[in-house]
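Residues per chain, in single letters:
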Amino acid sequence: MQPTSVARLGVLGSGAGSNFVAIAEACAAGRIPARVVLVLSDVEHAGILVRARERGIPARYIPPGPFRTKLDEEAERAYVRALQEAGVEYVVLAGFMRVLKSVFLRAFEGRIVNIHPSLLPSFPGLAAWRQAWEYGVKVTGCTVHFVDAGVDSGPIIGQQVVPVLDDDTPETLLERIHQAEHELYPRCLAALVRGELVLQGRRVLWRGARPEQETRTGDRPGG
Ligand code: GAR
């Protein structure tokens, strides 16, 4: 049986699920005192659902309704119901490509987090790594933040820097951002579920050990 102190996470994603895998592995290794009890997706054949089922974690596709960038209200209620029935305490967005509205936000107020592939508030929205590469910034990275009613606008929990190299393409840059995400997200979630984060206005203060703010010095996968 799981000890009662283990937090119950619900993960929502629309894509491949590499962040979900990093989180599930960190939970299994005891680096996050939590377990993923449910994975939901708005994309019927999303990789994240396959990867969850491979690990024996309940995973469901819930149709998002007619809109492209949000869930309709009925769908939001279905997502909330599924998460509540699974006893989810924290909602973890891992590549979920729709904004959440009031029904959802009210149900899990202060307990929804997201990861975004840029150093917010720079480059919110879609394909943030490509926006950064096209803009010509020299450093970018990833951000874990609480979710509020805006787009990628909630209080920032943690950030990790990734340098943009002269010979980067958007794809090589994204690969290194993903590596950084897989380190940053588990560290932030561990602090969250341990109750080590304190919100002061927009500022999130770390009462426990702060994540190392690693500046990756241009290291490449395998290099
Ligand atoms: C991640 O890079 C995440 O930051 C991004 O989607 C990717 C999901 O990859 N999220 C957003 O852009 C949200 N605005 P994954 O499915 O392999 O975890």
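Residues numbered from 1 in each chain as written. Predicted model: local features only at pLDDT ≥ 70, side-chain atom pairs only at ≥ 80, totals over all residues. Heavy atoms only, no water.

Novice: Describe the packing of helix α5 (residues 128–135) against helix α6 (residues 170–193), with residues and values.
Specialist: Between α5 and α6, whose axes approach to 9 Å, the crossing angle comes to 125°. With respect to α6, the element α5 is oriented oblique. For the pair α5 and α6, the crossing hand works out as right-handed. Along its contact with α5, which presents W129, R130 and W133, the element α6 presents P170, E171, L173, L174 and I177. Looking at the contact of α5 with α6, its residues break down into 6 nonpolar, no polar and 2 charged. (Axes fitted to C-alpha atoms, helices over the stretch in contact; angles between N-to-C directions. Helix = DSSP H or I, 4+ residues; strand = E, 2+ residues; numbered from the N terminus. Parallel < 35°, antiparallel > 145°, perpendicular 65-115°, else oblique. Left-handed = near helix turned anticlockwise from the far one by under 90°. Contact = heavy atoms within 4.5 Å. Nonpolar A, V, L, I, M, F, W, Y, C, P; charged D, E, K, R; others polar.)

Novice: Can you lay out the site of the ligand for me, pointing to particular residues and giving the numbers?
Specialist: Around the ligand sit 13 residues, and of these G17, S18, N19, H178 and E181 come closest. Within the side chain of S18, a nitrogen or oxygen atom sits 2.6 Å from an oxygen atom of the ligand. A distance of 2.9 Å separates an oxygen atom of the ligand from a polar atom in the backbone of N19. For the ligand, whose unbound accessible area comes to 450 Å², protein coverage reaches 89%. Those elements giving two or more residues to the shell around the ligand turn out to be α1 (18–28), β5 (112–116) and α6. Each residue belonging to the shell around the ligand can be placed in one class, and the counts come to 4 nonpolar, 7 polar and 2 charged. (Near = heavy atom within 4 Å. Polar contact = N/O pair within 3.5 Å; in protein donor to acceptor, adjacent residues only side chain to side chain. Areas by Shrake-Rupley, 256 points an atom, 1.4 Å probe, with all protein chains shown as cover.)

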